[in-house]
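A structural walkthrough
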Amino acid sequence: MKKIITLLIVLFGFYSCNDVLGKEEYEKVNWNAREATIKPSDSLEVGKSYLSVYSQIYSYSQHKTYNLTAMISIRNTSAKDTIYLSKVDYYDTHGALLKTYIDKPAYLTPMETIDIIINEVDDAGGTGGNFIFDWKTPKNCPEPIFEGVMTSTSGQQGLSFLTQAKRID
């Protein structure tokens, strides 16, 4: 009887160590609460940035992929100015639009960081997913920083790497 109980405890221990993740989306940011009104009289500089994001990477060959969690970090680097995002779009490997996070102006206060999380089980972006950020800043304000941190801690291995956005307009 002791052996059965010990075996059940060990099996339960292994089972409880595995987090079961669903396809639900982690939505930390309430974009509606961040909606901003920008007047045409506001003299803001306009920019657009491209960020590569990897929901998957190849492992062993092009026929086997490994899923990753992606954290998209949006950073206002100004200590005094509020900046604005006017559009945030997420595309897959083939260039198909997966999601528009915002299409109305949203603000980031000075030195604020906002994160968008792509769950490890959400592999829709594939090996070549990307974000396009349309943004506006007051004159002489530093540009926002957009970074992607991809991670996985499956089993005994840990993997992480960083991508940085490039201004495209």
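The preceding data block contains the structure.
The model shown is predicted, which means the values in this text are computed figures rather than measured ones.

1. Considering the sheet that holds strand β10 (residues 145–152)
Read from one edge of the open sheet, four strands run β8-β4-β10-β11, paired in antiparallel fashion. Both outer strands of the open sheet, β8 (113–118) and β11 (159–164), are each paired with one neighbouring strand and no more. In this sheet, neighbouring strand axes are inclined to one another by 20 degrees on average, regardless of whether the strands run parallel or antiparallel. Across six bridges, β10 lies against β11 in antiparallel orientation. Residue pairing across strands places Met 150 opposite Phe 161, the latter belonging to β11.

2. Considering the nonpolar core
Ranked by size, the top nonpolar core spans 25 residues in total, and within it Trp 31, Ile 74, Leu 85, Ile 116, Phe 131 and Phe 133 carry the most contacts. Sorting the residues of this core by element identifies β1 (44–53), β4 (69–75), β5 (83–91), β6 (97–102), β7 (106–108), β8, β9 (129–138) and β10 as the ones contributing at least two each. Excluding residues that lie within four positions of it along the chain, Trp 31 makes contacts with Ile 74, Leu 85, Tyr 101, Ile 102, Ala 106, Ile 114 and Ile 116.

3. Some words on the packing of aromatic side chains
Pairs of aromatic rings are described using the distance from one ring centre to the other and the angle between the two planes. Overall, the coordinates contain five aromatic pairs when judged by the stated rule. Each residue in the set Tyr 90, Tyr 101, Phe 131, Phe 133 and Phe 146 is aromatic and connected to the rest through ring pairs, giving one cluster. Looking at Arg 34, its charged tip hangs above the ring of Tyr 107, at a distance of 5.1 Å from the centre.

4. Re the pairing of strand β2 (residues 56–59)
As paired elements, β2 and strand β3 (residues 61–67) share four bridges and run antiparallel to each other. Note that in β3 the partner of Gln 56 across the bridge is Asn 67. Two successive antiparallel strands, β2 and β3, enclose a turn made up of one residue, where Tyr 60 displays a positive phi of approximately 75 degrees.

5. Digging into the pattern of salt bridges
Within the structure shown, the criterion is met by six salt bridges. Residue Arg 167 is joined to Glu 143 by a salt bridge in which the shortest nitrogen-to-oxygen separation is 2.4 Å. Within this pair, whereas Arg 167 is found in strand β12 (residues 166–167), its partner Glu 143 is found in the loop between β9 and β10, the two being separated by 24 residues in sequence. The partly exposed category is assigned to Arg 167, whose relative accessible area is 37%.

Here is what the cut-offs are and how they apply
Residues numbered from 1 in each chain as written. Predicted model: local features only at pLDDT ≥ 70, side-chain atom pairs only at ≥ 80, totals over all residues. Heavy atoms only, no water. Pairing = 2+ DSSP bridges. Helix = DSSP H or I, 4+ residues; strand = E, 2+ residues; numbered from the N terminus. Axes fitted to C-alpha atoms, helices over the stretch in contact; angles between N-to-C directions. Core = buried A, V, L, I, M, F, W, Y, C linked by side-chain atoms within 4.5 Å. Buried < 20%, exposed > 50% of the residue type's maximum accessible area, 1.4 Å probe, protein only. Contact = heavy atoms within 4.5 Å. Phe/Tyr/Trp six-rings, centres within 6.5 Å; stacked < 30°, edge-to-face > 60°. Lys NZ or Arg CZ within 6 Å of the ring centre and 35° of its normal. Salt bridge = Lys/Arg side-chain N within 4 Å of Asp/Glu carboxyl O.

Remember, this is a structural readout, not a statement about activity or role.
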